[in-house]
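Commentary on secondary and tertiary structure
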2 protein chains.
Amino acid sequence: MSVLVVGSMAYDDIETPHAQVNDALGGSATFFSTAASYFSPVNLVAVVGEDFKHEEIAFLRARGVDLDGLTTEKGKTFRWKGRYLANMNDRETIYTHLNVFQTFNPVLPEKYRDSEFVFLANISPELQYHVMTQVRKPKFVAMDTMNFWITGSLESLRRTLGVVDALLINDSEVKMLSEEDNLFIAARRVQEMGPKTLIIKKGEHGALLVHGSSYFHCPAYPVESLNDPTGAGDTFAGGFMGYLAMAGEVTEDHLRRAVVFGSALASFCVEDFSIGRLQSLSKADIGARVESLREMTRFSEDTRWLAGR
Amino acid sequence: MSVLVVGSMAYDDIETPHAQVNDALGGSATFFSTAASYFSPVNLVAVVGEDFKHEEIAFLRARGVDLDGLTTEKGKTFRWKGRYLANMNDRETIYTHLNVFQTFNPVLPEKYRDSEFVFLANISPELQYHVMTQVRKPKFVAMDTMNFWITGSLESLRRTLGVVDALLINDSEVKMLSEEDNLFIAARRVQEMGPKTLIIKKGEHGALLVHGSSYFHCPAYPVESLNDPTGAGDTFAGGFMGYLAMAGEVTEDHLRRAVVFGSALASFCVEDFSIGRLQSLSKADIGARVESLREMTRFSEDTRWLAGR
């Protein structure tokens, strides 16, 4: 089954304590669809400017991404420049040039409207809601959001939360949105706003899936060569949604594995700039990380104490 | 097999946003030995003042804690007052009255000197080292430390790190000690200082065991009624070391289960003030949390994508 993503495509300029790159292909829809394409066909809705390179289009198309929903507008592609601080986690935005993204109005091609798996990347909650009015009978809709919308567009955000199945969000943002410091209580508060499934991303601490009343925790793969965290969240989302779309149904078991595959994909993303590391992974590469994550959480039964010695 | 702990016994005054308690039994050796006593006999070395209540002594003795190493000095017991902020994680110290703890000089009773499992709670690295000169042939020594010693007594701390097997430490402290922001690289740097085994405590994010080159991650049990985090680290250590001492040998499998039991015990500790919740747990109580932690990390094999469909 294919997965629909509505989000941004961008060129990023990125500074880290160790390197600087310019004109790196970025944007939520880019990372998402590259990751998801390992598992399922992707339908992409985004906007780019006239400066967007043909080679990027060709790359995505070769990976099975349908680009009928990609529009090219007069002007320049969305550009973002960010600088990562020494801890490679906190970052500051040097500039954001929305360019053609400023007037982005996602219109789904007719053939996308029956999409069953939908990801609303981090765009305004109004646009996310607008997408929801165009899909006919989705089976599973997940959305992303960020502090900017939580503080600035809370009412719209809550309306969109009311019509989706799942929210992917950072741990600090789930606390901000719920106004609650306890992570587990915060998750329940947000579930009460709509989404019954939460995927809480915690960087080096892993990810927590809250599905109804059940919890699943996936650790972070121990990445030692962290070069650029940009896009890790969207890559996670791509692995997660791509895996679910491939599975074709949303069960607890599929959701758990989807979180593990999302984590595995995200661990590759951060090892290089842009989609550098995501372009040509093998099943063996991905499978090895999935098995590492399994090995990292394995513990055998206690046969002494609990059994009464 | 019994486990030796050298640490503090104290009375704490604690303020949280929701409650205030005074004269709560506290101290690293108290939390440690209460937790460890579920699994193995405990030998305790600490000092208290003349105001220390007989009922506390009786409680510990009834739990199988040998108190021949507990000395009572003229003066008052160590007192600490802390206030937890709204997030129940950050805290400020209102006062610390070391009292008799100021001149604590741990001397091991002869019968403790053959201890095979030793925990050096969070006392000065000089005193920790002094204990190490008194044990004859320990099988597994673990130590705790804190930012205060990392910034103020680094040389002594490194000497002690050089003679122990394991370090239990917070994630922020492992980064401070190694001067490295990447958690996984930080862990390796600290291993190079001596301890081949690290147990990195991450609060609501769980705990990471780094043993040689292997990683094991245990999530935090989802505690919703967090009432007082005081003593959680020492309780974790008590469950961890008590379990290992019961197992009698240090294998990867035992270490992993020890981390899970430590996590389970710590999850009870924070639900009440002092050792309130730790006084009378059943095997069924503890076993249920261990099984919750297993369920929280379980994911089944992918049989579609990796298998090639």
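These numbers were taken from a predicted model, which means no experiment stands behind them. Residue positions are counted from 1 within each chain, in the order its sequence is given. By the order in which they are written, chains take letters starting at A while ligands take numbers starting at 1. Residue-level local features of this predicted model are given only where pLDDT is at least 70; pairs of side-chain atoms are given and counted only at 80 or more, and the full residue set underlies all totals for whole chains, interfaces and linings.

1. Focus: the relation of the copies chain A and chain B
Mapping between the two copies of the chain is achieved by a rotation about an axis and a shift along the axis. The superposition of copies rests on a least-squares fit of C-alpha positions from residues with pLDDT of 70 or more in both. Mapping chain A onto chain B calls for a rotation angle of 180 degrees and an axial translation of 0.0 Å; the resulting RMSD is 0.0 Å. In symmetry terms, the pair is related by a two-fold rotation axis. When the interface residues of chain A are mapped onto chain B, 100% of them are again interface residues, pointing to one common binding face. Here contacts are defined at the residue level, using C-beta atoms placed from the backbone and a cut-off of 7 Å between them.

2. Topic: the environment of leucine 161 of chain A
Residue and element names in this part refer to chain A. With respect to the helices and strands, the residue leucine 161 is situated in helix α5 (residues 154-161). Neighbour density around each residue's C-beta defines its exposure: 20 or more other C-beta atoms within 10 Å make it buried, 12 or fewer make it exposed, and counts between make it partly exposed, where C-beta atoms are placed from the backbone. Leucine 161 gets classed as buried once you count the C-beta atoms within 10 Å, which come to 22. Taking C-alpha positions, leucine 161 is 10.0 Å from aspartate 144, a pair spaced 17 residues apart along the chain. Setting aside its immediate chain neighbours within four residues, leucine 161 contacts Leu167, Met193, Gly194 and Pro195. Secondary structure elements follow DSSP: runs of H or I of four or more residues count as helices, runs of E of two or more count as strands, with numbering from the N terminus.

3. Topic: the interface of chain A and chain B
Each partner contributes to the interface: chain A provides 36 residues, whereas chain B provides 36 residues. For the side of chain A that touches chain B, the elements supplying multiple residues, two or more each, are α7 (183-191), β13 (214-218), α8 (232-247), α9 (252-269) and α10 (283-295) of chain A. Each residue is assigned to one class: nonpolar for Ala, Val, Leu, Ile, Met, Phe, Trp, Tyr, Cys and Pro, charged for Asp, Glu, Lys and Arg, and polar for all the others, Gly among them. Of the residues assigned to the side of chain A that touches chain B, the class counts are 18 nonpolar, 8 polar and 10 charged.

4. Details of the sheet that holds strand β7 (residues 91-97) of chain A
Residue and element names in this part refer to chain A. Strand pairing is defined by DSSP finding a minimum of two bridges between the two strands. The sheet built from 4 strands is open, its strands ordered β3-β2-β6-β7 with mixed pairing. Each edge of the open sheet carries a strand with a single partner, namely β3 (20-26) and β7. Neighbour-to-neighbour, the strand axes of the sheet open up by a mean angle of 20 degrees, direction not taken into account. The pairing of strand β6 (residues 78-84) with β7 spans 6 bridges and is antiparallel. By the bridge assignment for β7, glycine 82 is matched with threonine 93. The angle between two axes is taken between their N-to-C directions and runs from 0 to 180 degrees, where each axis is a line fitted to C-alpha atoms and a helix contributes only its stretch in contact.

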